[in-house]
Amino acid sequence: MSVANRVLAAALALQLVVVVAVFWPSSDAPGAGQVFPGLEAGSIVAITMSSLEGFEVRVENRGDGCVLPRADDFPCREEKLLDLAEKIAGLTTGRLVTETASSHRQLRVSDQDFERLVEIELSNGGIHKLYVGSSPRFGSAHVR
């Protein structure tokens, strides 16, 4: 093997090491983890989902069951609300995309421009807001 080929082989090996180091998946990537750390599904008492167009659905878990309060307390299936609460409590972030307000508008997760706003009310009176925006691919969405 000539000297030139050895130099090129060494350069290729160095490039491969750099590519692996940069693109290796990491569980401690910035922003990775729970969306709502410490949130337990059992502490969620109401979920309100709304859109910019004014459509809104509210589901409450009362002592005697699950109801739609804005539809004359129409009863709903409590296990469906519990499933949704478990999914919300288990939401994880894949990676941090942005932190700037201008980018929030582009991803449709700003206070003035969003696809859906999900308000989660807790038994202790606390409220969590989840802005759901554009979807970069199937099975994922930008959230804030």
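Up top you'll find the structure we're talking about.
Since the structure is predicted, the reported quantities are computational estimates derived from the model, not experimental observations.

A word on the pattern of salt bridges
Taken as a whole and judged by the stated rule, the model has 7 salt bridges. Across the pair Arg62 and Asp73 runs a salt bridge, and its minimum N-O distance is 3.0 Å. Remark: Asp73 occurs in the loop between strand S4 (65-68) and strand S5 (74-76) and Arg62 occurs in strand S3 (residues 56-62); sequence separation between them is 11 residues. Overall, Asp73 belongs to the partly exposed group, its relative accessible area being 36%.

What to know about the sheet that holds S4
Spatially, S5-S4-S3-S2-S7-S8 is the arrangement adopted by the 6 strands of the open sheet, whose pairing is antiparallel. Strand pairing shows two members of the sheet lacking a second neighbour, S5 and strand S8 (127-132), which therefore form its edges. Direction aside, the axes of adjacent strands within the sheet are offset by 25 degrees on average. Its contacts with the sheet put helix H2 (residues 78-89) on strand S2 (44-50), S3, S4, S5 and strand S7 (116-122), and the angle it makes with S2 is roughly 85 degrees.

As for unusual backbone geometry
Residue Asp72 is not a glycine yet carries a positive backbone phi of 55 degrees. Exposure remark for Asp72: the relative accessible area of 76% places this residue in the exposed category. Within the chain, Asp73 stands out as a residue other than glycine whose phi angle is a positive 55 degrees.

Cut-offs applied
- Residues numbered from 1 in each chain as written.
- Predicted model: local features only at pLDDT ≥ 70, side-chain atom pairs only at ≥ 80, totals over all residues.
- Heavy atoms only, no water.
- Salt bridge = Lys/Arg side-chain N within 4 Å of Asp/Glu carboxyl O.
- Helix = DSSP H or I, 4+ residues; strand = E, 2+ residues; numbered from the N terminus.
- Buried < 20%, exposed > 50% of the residue type's maximum accessible area, 1.4 Å probe, protein only.
- Pairing = 2+ DSSP bridges.
- Axes fitted to C-alpha atoms, helices over the stretch in contact; angles between N-to-C directions.
- Contact = heavy atoms within 4.5 Å.

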